Amino acid sequence: LGPKELYLLSHPALAEEVLVKQADIFQKVYDPNRPTGLALVLGNGLLTSGGELWRRQRKLIQPMFQRARVARLSAQMVEAGEQMLARWAERRPGEPCDVAAEMMQLALEVVTRTMFSTSVLKDVASLGPALLVLIRYAFRAFHNPFRLPLWVPTAENREFLRAKRLVDRMIYGLIEERQQSGV
């Protein structure tokens, strides 16, 4: 795409090849002064970092994805799916359904139940649209090398920053609740 080469990996073996076996060749570039793409939303985290920082972050999160732990969490995942299907069953025949929004809601529910032991369904009306703003902005920023920096108060930048504050507030609130509960 222009001066950029983009690759789409659709097989787990290829993801392992790029992210683990040849991570030194396929490097992620994170510029804290001008983050782009998902780094705008996630900062220098597991998905956007590289090298030693990535290895430390991966080691910290790895226990969450061990087979036994994922199996224990599967009941929560199934319950979230069943709740979604129950909501769908209450719909009138022929009533339109935004499947993308429903899948985002399901993903949020599974992530927050499994990582924070709580539900976000009560907040999904504000959280869902905010996440869409973040994702769309990150996608456009990744593809536009001439975008204005976030400190320039364009309507799009202000909307992004509002959405980011809302999501950050919610996530840090969940983290604080979890720390205070001692779980």
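Everything below is about the structure printed above this text.
Residues numbered from 1 in each chain as written. Predicted model: local features only at pLDDT ≥ 70, side-chain atom pairs only at ≥ 80, totals over all residues. Heavy atoms only, no water.

(A) Focus on the overall build of the protein chain. Scanning the protein chain from N- to C-terminus turns up seven helices and zero strands. Start at the N end of the protein chain and walk to the C end: the helices and strands fall as α-α-α-α-α-α-α. Reported as C-alpha extents along the three principal axes, the dimensions of the protein chain are approximately 50 × 45 × 40 Å. In the protein chain, which comprises 183 residues, the proportion classed as buried is 23%. Considering only residue pairs separated by 6 or more positions, the protein chain has 55% of its internal contacts joining residues 24 or more positions apart. Counting every atom, the protein chain has about 13,100 Å² of accessible surface; 62% of that belongs to carbon and sulfur. Of the charged side chains in the protein chain, 25 are positive and 19 negative, and the gap between their average positions amounts to 4 Å. (Helix = DSSP H or I, 4+ residues; strand = E, 2+ residues; numbered from the N terminus. Buried < 20%, exposed > 50% of the residue type's maximum accessible area, 1.4 Å probe, protein only. Contact = heavy atoms within 4.5 Å. Areas by Shrake-Rupley, 256 points an atom, 1.4 Å probe, with all protein chains shown as cover. Lys, Arg positive; Asp, Glu negative; His and termini not counted. Charge placed at Lys NZ, Arg CZ, Asp CG, Glu CD.)

(B) Layout of the pattern of salt bridges. Following the criterion strictly, the structure yields eight salt bridges and no others. The partner of Arg-91 in a salt bridge is Glu-95, and the shortest N-O contact between them spans 3.4 Å. Residue Lys-164 pairs with Asp-168 through a salt bridge whose shortest N-O separation is 3.2 Å. Taken as a pair, Lys-164 and Asp-168 lie in helix α7 (residues 155-181) at a separation of four residues, close to a single helical turn. (Salt bridge = Lys/Arg side-chain N within 4 Å of Asp/Glu carboxyl O.)

(C) Main features of the packing of aromatic side chains. On inspection of all chains with the given rule, the structure shows one aromatic pair. On the numbers, 4.3 Å between centres and 25 degrees between planes, the contact of Tyr-137 with Phe-160 is stacked. Taken together, the positions of Tyr-137 in helix α6 (residues 124-143) and Phe-160 in helix α7 put the pair 23 residues apart, joining distant regions of the chain. Phe-160 shares its class with Tyr-137; the two are buried. (Phe/Tyr/Trp six-rings, centres within 6.5 Å; stacked < 30°, edge-to-face > 60°.)

(D) Focus on a positive patch on the surface. The grouping of Arg-158, Arg-162, Arg-165 and Arg-169 at the surface amounts to a positive patch. By the element assignment, Arg-158 lies in helix α7. Owing to a relative accessible area of 43%, Arg-158 belongs among the partly exposed residues under this scheme. (Patch = residues over 30% accessible without salt bridge, like charges linked within 9 Å, V, L, I, M, F, W, Y side chains within 5 Å.)

(E) Local environment of a nonpolar patch on the surface. Among the surface-exposed residues, Tyr-7, Leu-9 and Leu-14 lie close enough to one another that they form a single nonpolar patch of about 330 Å² accessible area. On the secondary structure map, Leu-14 appears in helix α1 (residues 12-21). Relative accessible area serves as the criterion here: at 44%, Leu-14 is assigned to the partly exposed category.

(F) Representation of the packing of helix α5 (residues 99-116) against α6. Relative orientation of the contacting elements α5 and α6 amounts to 105 degrees, with a least axis distance of 10 Å. As summarised for this structure, α5 and α6 are arranged roughly perpendicular, according to the angle between their axes. Residues Met-104, Gln-105 and Leu-108 of α5 form the contact with α6, whose participating residues are Val-124, Leu-127, Gly-128, Leu-131, Leu-132 and Ile-135. (Axes fitted to C-alpha atoms, helices over the stretch in contact; angles between N-to-C directions. Parallel < 35°, antiparallel > 145°, perpendicular 65-115°, else oblique.)

(G) Inspection of the nonpolar core at higher detail. Counting 18 residues, the largest nonpolar core has Leu-108, Leu-127, Leu-131, Leu-134 and Val-167 as its most contacted members. Among the secondary structure elements, those contributing two or more residues to this core are α5, α6 and α7. Ignoring sequence-local partners within four residues, the contact set of Leu-127 consists of Leu-108, Val-120, Leu-166, Val-167 and Met-170. (Core = buried A, V, L, I, M, F, W, Y, C linked by side-chain atoms within 4.5 Å.)

(H) Quick peek at the side chain of Ser-49. Residue position: Ser-49 is located in the loop between α2 (39-42) and α3 (51-61). Ser-49 sits in the buried class, given a relative accessible area of 1%. Looking at Ser-49, its side chain comes within polar contact range of the side chain of Gln-57, at 2.7 Å. Each residue touching Ser-49, except ones within four places of it in the same chain, is listed here: Lys-28, Asn-44, Trp-54 and Gln-57. (Polar contact = N/O pair within 3.5 Å; in protein donor to acceptor, adjacent residues only side chain to side chain.)

(I) Broad picture of the side chain of Thr-48. When you line up the elements, Thr-48 lands in the loop between α2 and α3. On the accessibility criterion, Thr-48 (9% relative accessible area) is buried. Discounting chain neighbours no more than four positions away, the residues touching Thr-48 are Lys-28, Tyr-30, Leu-38, Ala-39 and Gly-43.

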